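Each chain, letter by letter, is given below.
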Amino acid sequence: MAKIPATIVTGFLGAGKTTLIRHLLQNADGRRIALIINEFGDLGVDGGILKGCGIENCSDDDVVELSNGCICCTVADDFIPTMEALLARETPPDHIVIETSGLALPQPLVRAFNWPGLKTKVTVDGVVTVLDGPAVAAGTFASNVAAVDAQRAADDGLDHETPLSDLYADQVACADMIVVNKADLLGDGTAALVARLKGESRDGVQVISATQGALPVDVLLGRGQGAEDDISARHEVHHHHDDDDHDDGHDDHHHEHEHGHDAFESFIVDAPEVTDPAQFATKVSDVIRSHDILRLKGFASVAGKPMRLTVQAVGPRVDHYFDRPLGTDTRGARLVVIGQAGLDRAAITAALQ
Ligand SMILES: Nc1nc2c(ncn2[C@@H]2O[C@H](COP(=O)(O)OP(=O)(O)OP(=O)(O)O)[C@@H](O)[C@H]2O)c(=O)[nH]1
């Protein structure tokens, strides 16, 4: 059975998580996204902002607020039952997005997905860490440190008194993808910060810059359930210059200014069927690392197996499992590769084949 992918969005207060999620919902492309938002008392307004946002495909029912304290401290009491209730719905969502409070430690949340009731039904699509670019460049991590401290003081449920720098390190360490937000304020300093963060993060983690969290949905989210059938139709990541020549650096540059994020591209690789899923996952992981791929996803048949293997990878996280009988599908593998413009398509294709 196909699992529902869940994306964890983390990052300090004011980094731009809500802005990014709002953009995501506005461009959800028909996917039904459920949101779980971890709020803190009076300071939490995100749920309010996102509820009643008037965005199509996002009804109030799809926004669940967890306000009993820090999500990572109340995993068993709060988060797991909420997830179970979402999954038990008559029409479960295509994708779940979890916005943690800026103070949460992502690891306990990621571990919660191994809970027996969740493990077979949902999968961590990825941990996206949103950073306040100018604040990180300045070494303060948050643009309003006083507000972050107030948030800490306001939360009675917070069991951990982790210093800000440690929380920051933890959020970066846990990320599968790092978004350096507020690139508009960083300007020319963006590239240097992106490069520095790439050096500081786990092998394979991709760092991308954004303004107002405006990133293509296909970059932020892995495949949603509804999208699997038209995977072959989705040759390009949805952005506004689909028709442009991707090799044209000038246009990409132009694009970045116009839409406030780096330019992305995607392409499809057809490969022979897989012999050993675990080996294949290792290969995918190697290719992602050596070619700075943001996402890689798709399906494959496995020699001698009647079930279809689904593969979903973001940065160092490679998830694969059998999701349904192959039926009449052609045997072989079809993978979509997404990255920033300039991917070495020939080398990636050769490596995957
Ligand atoms: N200049 C600039 N401002 C931004 C950008 N992204 C977000 N902001 C602003 O930064 C502030 C914080 O953004 P939010 O999206 O609320 O941040 P958050 O991470 O959700 O913060 P909390 O949910 O309150 O923890 C808002 O005033 C946004 O309008 C950006 O790319 N550039």
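Residues numbered from 1 in each chain as written. Predicted model: local features only at pLDDT ≥ 70, side-chain atom pairs only at ≥ 80, totals over all residues.

The name given to the chain in an unreviewed UniProt entry is Putative metal chaperone YciC, with Jannaschia donghaensis as the source organism. The UniProt entry for the chain carries the following text under Catalytic activity (unreviewed entry): "GTP + H2O = GDP + phosphate + H(+)". Per its UniProt entry, the chain bears the Function (unreviewed entry) comment "Zinc chaperone that directly transfers zinc cofactor to target proteins, thereby activating them. Zinc is transferred from the CXCC motif in the GTPase domain to the zinc binding site in target proteins in a process requiring GTP hydrolysis." (UniProt positions renumbered as here; feature names shortened; annotations may be inferred.)

This part takes up the domain arrangement of the chain. Split by domain assignment, the chain resolves into domain 1 (4-215) and domain 2 (229-352). Between domain 1 and domain 2, the residue contacts involve 21 residues of the former and 17 residues of the latter. Listing elements by their share of the side of domain 1 that touches domain 2, those giving two or more residues are β5 (122-132), α9 (183-186) and β7 (206-209). In terms of residue class, the side of domain 1 that touches domain 2 is built from eight nonpolar, seven polar and six charged. (Domains from an automatic or database assignment. Contact = placed C-beta atoms within 7 Å. Helix = DSSP H or I, 4+ residues; strand = E, 2+ residues; numbered from the N terminus. Nonpolar A, V, L, I, M, F, W, Y, C, P; charged D, E, K, R; others polar.)

Okay, the nonpolar core next. In globular proteins that are soluble, nonpolar side chains generally tend to be buried together. The biggest cluster of nonpolar side chains holds 87 residues, and the ones touching the most others in it are I96, I178 and V179. When residues in this core are grouped by element, the largest group, six residues, is from β5. Each of two domains, domain 1 (4-215) and domain 2 (229-352), supplies a minimum of three residues to this core. (Core = buried A, V, L, I, M, F, W, Y, C linked by C-beta atoms within 7 Å. Buried ≥ 20, exposed ≤ 12 C-beta atoms within 10 Å, placed from the backbone.)

Right, let's talk about the site of the ligand for a bit. In the region of the ligand, 17 residues are neighbours, and L13, G16, K17, T18 and T19 sit closest. Those elements giving two or more residues to the shell around the ligand turn out to be α1 (17-26) and α9. Of all the elements, α1 adds the most residues to the shell around the ligand, at three residues. When its residues are assigned to classes, the shell around the ligand shows three nonpolar, ten polar and four charged. (Near = placed C-beta within 6 Å.)

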